[in-house]
2 protein chains.
Amino acid sequence: MTSTQSRRLHNFSAGPGTLPLSVLEAAREELPVFGKTGASVMEISHRSPEYIAIETSARARIRSLLGLTEDWHILFLGGGASMQFHQVPLNFLPSDGQAGYLLTGVWAKKAHAEACKIGHGRIVASSAESTFNYIPDPESWVLDRRDSYLHYTSNNTIYGTQFHSPLNVNCPLVCDASSDFLSRPIELDRYGLIYAGAQKNIGPAGVTVVLVRDRFMKTRNASLPTMLDYGTHAAKCFNTPPVHAVYMVEKVLRWLEEQGGIPGIQAVNQKKARLLYDAIDSSEFYRGTAQKASRSLMNVTFRLTNEELEPVFIQRAAEHGLLALKGHRSVGGMRASIYNACPLDSVNVLIEFMRDFEKKNG
Amino acid sequence: MTSTQSRRLHNFSAGPGTLPLSVLEAAREELPVFGKTGASVMEISHRSPEYIAIETSARARIRSLLGLTEDWHILFLGGGASMQFHQVPLNFLPSDGQAGYLLTGVWAKKAHAEACKIGHGRIVASSAESTFNYIPDPESWVLDRRDSYLHYTSNNTIYGTQFHSPLNVNCPLVCDASSDFLSRPIELDRYGLIYAGAQKNIGPAGVTVVLVRDRFMKTRNASLPTMLDYGTHAAKCFNTPPVHAVYMVEKVLRWLEEQGGIPGIQAVNQKKARLLYDAIDSSEFYRGTAQKASRSLMNVTFRLTNEELEPVFIQRAAEHGLLALKGHRSVGGMRASIYNACPLDSVNVLIEFMRDFEKKNG
């Protein structure tokens, strides 16, 4: 371990999240000169063969990892996933139409609010009454086949909940997969569009990956602003993309393949989450905040039985090199974000720390 | 000169453009660990003190460099300058209102087309009939005080033209300053909003700097989509910004201060452009494509009298380590983009090459 590496700590940030060390080291090696370009990757034209090769590679890897057929467009857009909250209804919700929204947290609520500015954003189900600590039972969903689409957030970072079963609905699915994208397989058949801000599982902040199925694309509204029309970006490279962010995503995708692709990383993700939830459940000192059936494999939210000790826990953890464990202010307590790139080792160190902390303070 | 540096070539890319070597080296030093964070800058929360310090510093430096008073908001947005073509009229052009557009090139035309989707985008003047090779004389402008704003593109990368006099108009100015931002002072009094994609003069692709004056901000339309409402971003950090791009911009701003700020870089820019235009004008072998009074200090467009030799010129230049000199397809010939970070040395090497090429082929 070099002195540089040794200064890297165990990072449980909810986003922007940790990246594979090998990816960062490769990026370092390519500064200030990328390949044979005579410049860094940030200084070459987005229409140069070298950048086009990066984007083509990233697209091919996503296609292969998820098993996307050719009728799926793969777009790299700026603006963040929050822009998609507007862009999705702008494209697919007619002003006199309706779309369904599953309210499972703050992000889902924000997406719903933007839809309501354009047409009828219909609430299909909500767990708001219980601080979003569970995914509503499909039995309770009020489905309507007149919906242009049904929008949901596959993983809820703040509350530590995640959808675990395929959604059985009667209209195209639109999914905000920002916080669990490429962490597990997706049953693509039911989907019209999937979007994900890169900064949790697949890269740095600054690019949002949007997957759109061609036959869903064809249902979009007319007379859209050029930059917000998915068709613009599916047709060609319309404007300068966030070059460096796409470059980093491409490296993360290569790394993901080295982990055995989606099945490989899914197995690691399951193991990390199981170890951590087991540590929480096997102690009276800790308790998980999400209902067990809805627990997220990406964001593990928990509290101390003695809540007054929580600031001490977070402080001691930081001194121990365990970063960003403070829970979101709306839930309190702790949150360990264990996205794809969070090493198993970091989870083991956290569990060891938790046992030690309990011994000293239990 | 290290072996790494020696592989860097003379980069005349029109955008993403060259960055200061010292900035790239500083970024390299901060991989994979940024300061005392235990992670790279791409892996820390955008709400962490460390990232907030970067953004605060970038904002303060822009404020100081341009002399922006406190009534100016400074925003860092994703989506690229092309998104501003839509966002500006969405915010400031009422559907039954009008705004003026100066058509001086492809980017101005695109901005105008987006405005026409929202209200009446009035053409104030155009140089389209002459392949945009000049800035229309203010005497010919058809001004109208009912315009919500007058939009113009201060520098036109493709055609190598630039506005050189303050615009004397009777409504707030909105300026796309993407390709000459922070290359010279701006007479702020007349402006309501100024925007600039970072990837020419101030950083990598992935962030657009938007300056909005508060009293202009107050004139915006009601019921805007949250992410496209300038007020959202002026009020608070609403969503994850393009962290790495802002981080790079902050470093470029520090570098700019080391060059003597705007007066310092302006003097260098004037010198680089003068040397290059003098080399063009002093020879029968080369000719500039823009009318002299409209010539850009950022993008020097020129042709060979014998146009058939142009591919040879570009090829030989590349072999000589002079990159990205091919002109835009709509103009042809050559274009040397000599933004802030293009060293005087690169311009001198180019001029030397041009003389040598003329000697061998003239």
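Criteria and cut-off values
Residues numbered from 1 in each chain as written. Chains lettered and ligands numbered in written order. Predicted model: local features only at pLDDT ≥ 70, side-chain atom pairs only at ≥ 80, totals over all residues. Heavy atoms only, no water. Pairing = 2+ DSSP bridges. Helix = DSSP H or I, 4+ residues; strand = E, 2+ residues; numbered from the N terminus. Axes fitted to C-alpha atoms, helices over the stretch in contact; angles between N-to-C directions. Contact = heavy atoms within 4.5 Å. Least-squares fit on C-alpha atoms with pLDDT ≥ 70 in both. Salt bridge = Lys/Arg side-chain N within 4 Å of Asp/Glu carboxyl O. Buried < 20%, exposed > 50% of the residue type's maximum accessible area, 1.4 Å probe, protein only.

Participant: Can you lay out the sheet that holds strand β2 (residues 72-77) of chain A for me, pointing to particular residues and giving the numbers?
Facilitator: Residues and elements named next belong to chain A. Across the sheet, which stays open at both edges, the seven strands sit in the order β2-β10-β9-β8-β5-β3-β4 with mixed pairing between neighbours. In this open sheet, the two edge strands, each paired with only one partner strand, are β2 and β4 (120-126). Each neighbouring strand pair of the sheet contributes to a mean axis angle of 20°, computed without reference to strand direction. In the sheet, strand β9 (residues 191-197) pairs with strand β10 (residues 208-213) via five bridges, with the strands oriented antiparallel. By the bridge assignment, A196 is partnered in β10 with V209. Helix α4 (residues 81-92) contacts β2, β3 (98-103), β8 (173-176), β9 and β10 of the sheet and is inclined by roughly 160° relative to β9. Strands in contact with helix α5 (residues 106-116) are β3, β4, β5 (150-153) and β8; relative to β3, the strand with the most contacts, it is inclined by about 160°.

Participant: Any details on the relation of the copies chain A and chain B? Residues and values, ideally.
Facilitator: What relates the pair of chain copies is a rotation about an axis plus a shift along that axis. Note on the copies: chain A fits chain B at an RMSD of 0.0 Å, the axial shift is 0.0 Å, and the rotation between them is 180°. Taken together, these values place the two copies in the relation of a two-fold axis. Within chain A, A:G79 has its C-alpha nearest the rotation axis, a separation of 2.2 Å. An overlap of 100% is found between the interface residues of chain A and their copies at the interface of chain B, pointing to a shared contact surface.

Participant: I'd like to hear about the pattern of salt bridges, residue by residue, with values.
Facilitator: Pairing of side chains with opposite charge becomes possible as their charged atoms draw close. According to the stated counting rule, one finds 44 salt bridges over all chains in the structure shown. Notably, a salt bridge pairs A:E187 with A:R190, separated by 3.7 Å at the nearest N-O pair. We classify A:E187 as partly exposed; its relative accessible area is 47%. Here B:R254 and B:E250 are joined by a salt bridge, their closest N and O atoms 2.9 Å apart.

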